[in-house]
Amino acid sequence: MACARVPLDEQQVTEPGPSGKERTLPALHPDRKEERCFVPYTPPPENGSPAEVEEFLERAKFIAEDLEWLLALPHDKFWCQVVFDESLQRCLDSYLHQAPRGLDLAPLPLSPAVADVQRAVHRAVFLTFLRMATHKESKDHFFTPAVFGEIIYDNFLFDIPKILDLCVLFGKGNSQLLHKMIENIFTQQPAYYNDLDETLPTILQVFDTILNKCGLRCEGAAAMEPMKLNAQKQPTAMSMNLEELADIILYLCDSTTTIHAFLDTFPAACSSFHSHGFLSRLPSFYEAVVPDFEKAIRRRNFDDKSLQEDLWTRLSHSCRKVVETTHLLLHHTCLQPILEGQENMHTFAEELLQYFTSFLPEKRFLVDYDEQFPLADDISLLQQALPVIDETRTSYLLQGVESAWDSTGRRRPQGHLQSAAAS
Amino acid sequence: MAPPRLTGALRSFSTVSKKEDPTRQLYDLKTKRLKRQELFAREGLTWQKIVHFCTEHWGKAEQQAASQELKSLLQAAKQIVGTEHGQEVIECAAVFLFETFQNKDHVGTEETRAIKQMFGPFPSSAAEASCACVARLVAPIGDSKVEDFIKTQSSRHNPQQGSSFGRNIAFSYDLYTLDPLEDLQDSGLCDERVELDF
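Residues numbered from 1 in each chain as written. Chains lettered and ligands numbered in written order. Predicted model: local features only at pLDDT ≥ 70, side-chain atom pairs only at ≥ 80, totals over all residues. Heavy atoms only, no water.

### Here we look at the overall build of chain A
Looking only at helices and strands, chain A features 18 helices and 2 strands. The principal-axis extents of the C-alpha atoms in chain A amount to approximately 85 × 60 × 45 Å. For chain A, buried positions account for 54% of its 423 residues. In chain A, the proportion of contacts linking residues at least 24 apart, taken out of those at least 6 apart, comes to 73%. By element, 51% of the accessible surface of chain A is carried by carbon and sulfur atoms, the whole surface being about 18,000 Å². Distance from the positive charge centre (38 side chains) to the negative charge centre (61 side chains) of chain A: 3 Å. (Helix = DSSP H or I, 4+ residues; strand = E, 2+ residues; numbered from the N terminus. Buried < 20%, exposed > 50% of the residue type's maximum accessible area, 1.4 Å probe, protein only. Contact = heavy atoms within 4.5 Å. Areas by Shrake-Rupley, 256 points an atom, 1.4 Å probe, with all protein chains shown as cover. Lys, Arg positive; Asp, Glu negative; His and termini not counted. Charge placed at Lys NZ, Arg CZ, Asp CG, Glu CD.)

Shown next, in the form of structure tokens:
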């Protein structure tokens, strides 16, 4: 056991070496890890044969047992294992990547034995990441914060895809703990903000890929590029094969849910998304994709009607997530600073009004957004916080919303009419 | 096949994740079983201790019978681990079988699973035989004495579970589920289908 009240990264231990002779070495040392051979996770088999189910059970039990063993290790031994055992990191990463999400295509109900072991692995994985995100476990067991930041970053114990996976897998019921974990990770290692900045263009690229695959274009960087000569040959949502359409909608559903789960758990990341222009890209993406996909799902001939219903539900779920993500971004980057009375309130108010104005041409998006988060409510808040706001401008915005509702032919919810009238 | 995932794309196309070496060995179930056997062998309880414990508690007149039962248990263990293994592995398997069956009167699902998890596929007759041997070995000794013996000898029964990280943390198994903006009923999709059917 390593000595107490000294950060783990500075502790030394004396213990028998391979030859049996006592030796002193740093408490965090590769020779102190156990050869445990963690196996990688694979998800429960869908329609699996009894042999496949047995194999899953065996594998998942190994993982649950090994992670429980890991969690019971003393602080120093736990960290030796975490830092130096690559099989453990591959096991954890395989779980994050492959564990079934609540949104995945509904498989056959799991047998009680499969469900039990899956739950045991799910909990043990979360607790392992929780322990890995904790630099001070008790007054005796802790790291020098800066060294902790280096260890988790340099050894890829956490990275941006892993953090996103953690949010989508565990954020629904454990958001407070997860928030603390991610906040601590970003606080102790601000390089994760740089990594997030580096990741965001790839996330935007995912949206572009979806547009390209459906032969669509929208405003943004991609729209500025000259169209390729073969661009016309690109299949559309109506003409591509159904399997491909289903894949794109599953991808959209997963992407929008993951982004929303991350921002909902860790709103401090909103400013990074904001600075990469998500508030202008999301509405135009929505406007380009949603009507096209809706038309395809309605009009195409589905032999399997349950697939048609499933795709409709997934598209509609994705719509909700885009709308909610836009609201989160607006709330945390523009509205909240105004409500908190921060300096430059006028700049934030101007930005908020500009965003609302930029939504006006995206009529479908605007109506769906207004249905969930009435613009009239935000404008009313704005007017209360900043009474000098230009009334002509706010009236113009509210009329624009009214006109968007009229153009879509949808009926506005009753409560919204009242709040719009009050504004 | 795994559904397409945003984080899969980020792992592949961004520069913020560790790039996996495809040539690196991933542990399979067979390797894992061998590792478990190795770890089990280090857990404290040995075949010699079991032999000593049994012979000590069996009467002098029954020593030969006890010795015969222990031999049969080793034989069953040999059938379970396979004949290619040495005496050390066979004795280790016999210890595992003794621990597994010391308070069981038949081979249940749990026991079958535990043996399979440790040694892989095995002949069920060998498990039946080892269960019967253990039952005969422990019968004259008494359950509590056997349990005390195993508890004091095996580190597996004295883990530091009391201090396991996170044991008091309330964990929720809730997952994000589909939450559509528009109900299917309100979407008109169902009505449209009726029209199409006509």
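There's plenty left to go through after this.
### Some points on the overall build of chain B
The secondary structure content of chain B amounts to 10 helices and 0 strands. In sequence order, the secondary structure elements of chain B are arranged as α-α-α-α-α-α-α-α-α-α. Taken across its 198 residues, chain B has 42% of its residues classed as buried. The contacts of chain B with a sequence gap of at least 6 include a subset with a gap of at least 24, amounting to 70%. Summed over all atoms, the accessible surface of chain B reaches about 11,200 Å², with 51% contributed by carbon and sulfur.

### Examining helix H7 (residues 175–188) of chain A
Residue and element names in this part refer to chain A. In this model, H7 (14 residues) spans 20 Å end to end at C-alpha, consistent with the 20 Å of a helix rising 1.5 Å per residue. Taken residue by residue, H7 has Leu178, Met181, Ile182, Asn184, Ile185, Phe186 and Gln188 as its buried positions. Where H7 is buried, its residues meet helix H4 (112–132), helix H5 (145–154), helix H6 (160–170), helix H8 (191–213) and helix H10 (242–265). (Expected span 1.5 Å × (residues − 1).)

### Description of the pattern of salt bridges
All names here are of chain A. Enumeration according to the criterion identifies 34 salt bridges over all chains in this entry. In this structure, glutamate 402 engages arginine 412 in a salt bridge whose closest nitrogen and oxygen atoms are separated by 2.7 Å. Placement of the pair is glutamate 402 in helix H17 (residues 391–408) and arginine 412 in the loop between H17 and helix H18 (414–422), with a sequence separation of 10 residues. One network of salt bridges, with partners in common, ties together Glu294, Arg364, Asp368, Glu371 and Arg410. (Salt bridge = Lys/Arg side-chain N within 4 Å of Asp/Glu carboxyl O.)

### Here we look at the state of the cysteines
Following the criterion strictly, the structure yields 0 disulfides over all chains and no others. You can see B:Cys92 has no disulfide; the closest cysteine sulfur is in A:Cys37, sitting 15 Å from it. Residue class for B:Cys92 comes out buried when judged on its relative accessible area of 12%. (Disulfide = S-S within 2.5 Å.)

### Section: the interface of chain A and chain B
Tallying the contact residues gives 91 residues for chain A and 59 residues for chain B. Interface area, chain A with chain B, both sides summed: about 7,100 Å², of which 59% is carbon and sulfur. Inspection of the region where chain A meets chain B yields 9 salt bridges. Between A:Asp93 and B:Arg11 there is a salt bridge, with its nearest N and O atoms 2.8 Å apart. Taken together, the links from chain A to chain B amount to 22 residue pairs in polar contact (both at pLDDT 80 or more). Looking at the side of chain A that touches chain B residue by residue, the classes come out as 37 nonpolar, 19 polar and 35 charged. (Buried area = accessible area lost by both parts, 1.4 Å probe. Polar contact = N/O pair within 3.5 Å; in protein donor to acceptor, adjacent residues only side chain to side chain. Nonpolar A, V, L, I, M, F, W, Y, C, P; charged D, E, K, R; others polar.)

### Regarding the domain arrangement of chain A
As far as domains go, chain A holds domain 1 (8–188), domain 2 (190–317) and domain 3 (341–423). Look at where the C-alpha atoms of domain 1 of chain A and domain 3 of chain A centre, and you get two points 46 Å apart. (Domains from an automatic or database assignment.)

### Overview of the side chain of A:Gln81
Residue and element names in this part refer to chain A. Take glutamine 81: it is sitting in helix H2 (residues 75–84). We classify glutamine 81 as buried; its relative accessible area is 1%. Ignoring anything within four residues of it in the chain, the contact list for glutamine 81 reads Lys33, Glu34, Arg36, Phe38, Trp69, Leu70 and Leu88.

### Some points on the nonpolar core
Membership of the largest hydrophobic core comes to 146 residues, with the highest contact counts inside it found for A:Trp79, A:Phe158, A:Phe170, A:Phe262, A:Phe273 and A:Phe293. Examining the composition of this core, we find that 12 residues originate from one element, helix H13 (residues 305–339) of chain A, more than from any other. When sequence neighbours within four positions are dropped, the list of residues in contact with A:Phe293 reads A:Ile210, A:Cys214, A:Ala237, A:Leu245, A:Ile248, A:Ile249, A:Leu252 and A:Leu315. In terms of nonpolar packing, the next biggest core, distinct from the first, is built from 39 residues, B:Ala77, B:Val81, B:Met118 and B:Phe119 among them. (Core = buried A, V, L, I, M, F, W, Y, C linked by side-chain atoms within 4.5 Å.)

### Examining the pairing of strand S2 (residues 22–26) of chain A
Residues and elements named next belong to chain A. Across 5 bridges, the pairing between strand S1 (residues 12–16) and S2 is antiparallel. In the sheet register, proline 16 faces S2, and the bridge partner there is glutamate 22. Counting the residues between successive antiparallel strands, the hairpin from S1 to S2 contains 5 residues, one of them, glycine 20, with a positive phi of roughly 95°. (Pairing = 2+ DSSP bridges.)

### Here we look at the packing of helix H15 (residues 363–372) of chain A against helix H16 (residues 375–385) of chain A
Residues and elements named next belong to chain A. Look at H15 against H16: their axes get within 7 Å of each other, and the N-to-C directions meet at 70°. Here H15 lies roughly perpendicular to H16, going by the angle between them. Here Leu366, Tyr369 and Asp370 of H15 come into contact with H16, specifically with Leu375, Ala376 and Asp378. Considering only residue class, the contact of H15 with H16 consists of 4 nonpolar, no polar and 2 charged. (Axes fitted to C-alpha atoms, helices over the stretch in contact; angles between N-to-C directions. Parallel < 35°, antiparallel > 145°, perpendicular 65-115°, else oblique.)

### Thoughts on the packing of aromatic side chains
All names here are of chain A. Counted according to the given criterion, the structure contains 29 aromatic pairs over all chains. Their ring planes at 80° and their centres at 6.0 Å tell us that tryptophan 79 and phenylalanine 148 sit as a pair that is edge-to-face. On the criterion of sequence distance, the pair formed by tryptophan 79 in helix H2 and phenylalanine 148 in helix H5 is long-range, its members being 69 residues apart. Looking at tryptophan 79, the relative accessible area reads 0%, which means it is buried. (Phe/Tyr/Trp six-rings, centres within 6.5 Å; stacked < 30°, edge-to-face > 60°.)

### Some remarks on the packing of helix H5 (residues 87–101) of chain B against helix H6 (residues 109–119) of chain B
Packed helices, taken two at a time, are described by their axes: the angle between them and the distance between them. Residues and elements named next belong to chain B. Here H5 crosses H6 at 160°, and the two axes come no closer than 11 Å. Compared by their axis directions, H5 and H6 come out roughly antiparallel. Seen along the crossing, H5 lies across H6 with a hand that is right-handed. Within the contact between the two elements, H5 uses Ala93, Phe96, Leu97, Thr100 and Phe101 and H6 uses Glu111, Ala114, Ile115, Met118 and Phe119. The residue inventory of the contact of H5 with H6, partitioned by class, reads 8 nonpolar, 1 polar and 1 charged. (Left-handed = near helix turned anticlockwise from the far one by under 90°.)

### Brief notes about unusual backbone geometry
Residues and elements named next belong to chain A. Positive phi values are uncommon outside glycine, yet cysteine 37 reaches one of about 60°. Considering the arrangement of structural elements, one finds cysteine 37 in the loop between S2 and helix H1 (50–71). On the basis of relative accessible area, cysteine 37 is assigned to the buried category, the value being 5%. If you check the backbone angles, asparagine 344 has positive phi at about 60° while not being a glycine. The residue asparagine 344 is located in the loop between H13 and helix H14 (345–359) in this model. Assessed through its relative accessible area of 52%, asparagine 344 is described here as exposed.

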